[in-house]
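The chain contents come next:
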Amino acid sequence: MKYRFLFFDVDSTLVTIEGIDVLAGGNPEIARLTEAAMNGEVPLDEVYARRLEIIRPTRAAVEALAARYLGSLVDGAEDVIAELQARGHVLHLVTAGIEQAVAPLAEHLRLHNVHAVRLSFEENGTYKDFDRRSLLTRAGGKELVVRAVRARSKGGAAMIGDGASDLEAKPAVDLFIGFGGVHTRPVVRDNADVFVTEMRDVLRHV
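Residues numbered from 1 in each chain as written. Predicted model: local features only at pLDDT ≥ 70, side-chain atom pairs only at ≥ 80, totals over all residues. Heavy atoms only, no water.

1. Thoughts on the overall build of the protein
Line of reasoning, step 1. Looking only at helices and strands, the protein features 10 helices and 8 strands.
Line of reasoning, step 2. Expected size for 206 residues packed as a compact globule is a radius of gyration near 17 Å; at 16 Å, the protein falls within 12% of this value.
Line of reasoning, step 3. If one aligns the C-alpha atoms of the protein with their principal axes, the spans along those axes are about 50 × 35 × 30 Å.
Line of reasoning, step 4. Within the protein, the proportion of its 206 residues that are buried is 51%.
Line of reasoning, step 5. Looking at the protein alone, contacts between residues at least 24 apart form 62% of all its contacts between residues at least 6 apart.
Line of reasoning, step 6. Surface summary for the protein: the accessible area is close to 9200 Å², and the carbon and sulfur share equals 47%. (Helix = DSSP H or I, 4+ residues; strand = E, 2+ residues; numbered from the N terminus. Rg over C-alpha atoms; globule rule 2.2 N^0.38 Å. Buried < 20%, exposed > 50% of the residue type's maximum accessible area, 1.4 Å probe, protein only. Contact = heavy atoms within 4.5 Å. Areas by Shrake-Rupley, 256 points an atom, 1.4 Å probe, with all protein chains shown as cover.)

Structure below.
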């Protein structure tokens, strides 16, 4: 098997939404910050804390986002994940999204390796903070997470994602597949080893 490890982004890759924008309820400033980060115009660490401080999502809002994720899978994503697992690939989700929102999606897809950012809440469910030690909240974080996984076992690896933060992991994998099925970002399209707009096309390349 050429690519034993497959690392998938979540927002705008496996699902059609950007979780942080959903939590923001359409706040245009948040959407602008997200877009700038995903297009590689500003470093992720500059916007990560700022977005959460503006939104301050409650536990209930994160639970609602988890349900929204389950209803927002990209066309073909479920079948593709199942097929890749049947082939024996080891799948990892690598996202700067919120762990408590992504976990039910991972469970639905029968994925056990989830790298995401955990939020903490006060007893009454109001927002407290995010895991400030997480590599995924800063520029280049996905590359470090992928390298750490690969250092523990042998095998080739591919990454599938839509944004600039995914592209940063390209040096850590043998194949970078840019995904444009939700958003086509020129920086990703122009620098990916392969660029697809249908999730099913991933099967041909790995």
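2. Considering the pattern of salt bridges
Line of reasoning, step 1. In this structure the tally under the stated criterion is 16 salt bridges.
Line of reasoning, step 2. Residue Asp131 is joined to Arg133 by a salt bridge in which the shortest nitrogen-to-oxygen separation is 3.4 Å.
Line of reasoning, step 3. Close ionic contact of Asp193 with Lys170 constitutes a salt bridge, the shortest N to O distance being 3.8 Å. Highlighted residues: Asp193 in the loop between α9 (186-191) and β8 (194-196) and Lys170 in the loop between α8 (164-167) and β7 (175-179), separated in sequence by 23 residues.
Line of reasoning, step 4. Using a relative accessible area of 42% as the deciding quantity, one classes Asp193 as partly exposed. (Salt bridge = Lys/Arg side-chain N within 4 Å of Asp/Glu carboxyl O.)

3. Here we look at the packing of aromatic side chains
Line of reasoning, step 1. For the structure shown, the criterion picks out 2 aromatic pairs.
Line of reasoning, step 2. With a centroid separation of 6.4 Å and an interplanar angle of 25°, the aromatic rings of Phe5 and Phe7 are classed as stacked. For the pair Phe5 and Phe7, one class covers both residues: buried.
Line of reasoning, step 3. With a centroid separation of 5.3 Å and an interplanar angle of 65°, the aromatic rings of Tyr48 and Phe130 are classed as edge-to-face. Pair noted here: Tyr48 is in helix α3 (residues 44-55) and Phe130 is in strand β5 (residues 127-130), with a separation of 82 residues, a long-range link.
Line of reasoning, step 4. Taking relative accessible area as the criterion, Tyr48 reaches 4% and is therefore assigned buried. (Phe/Tyr/Trp six-rings, centres within 6.5 Å; stacked < 30°, edge-to-face > 60°.)

4. A word on helix α5 (residues 77-87)
Line of reasoning, step 1. Of all the positions in α5, only Ala77, Val80, Ile81 and Leu84 are classed as buried. Along the long axis of α5, the arc covered by the buried residues comes to 100°, so they all point the same way. Away from its buried face, by an angle of more than 90 degrees, α5 presents the exposed residues Asp79 and Ala86.
Line of reasoning, step 2. Residues of α5 that are buried make contact with β1 (5-8), β2 (90-98) and α10 (202-205).
Line of reasoning, step 3. Just past α5, the residue Gly88 takes up positive phi, approximately 100°. (Arc of directions from axis to C-beta.)

Don't take any of this as a statement about function, it's just geometry.
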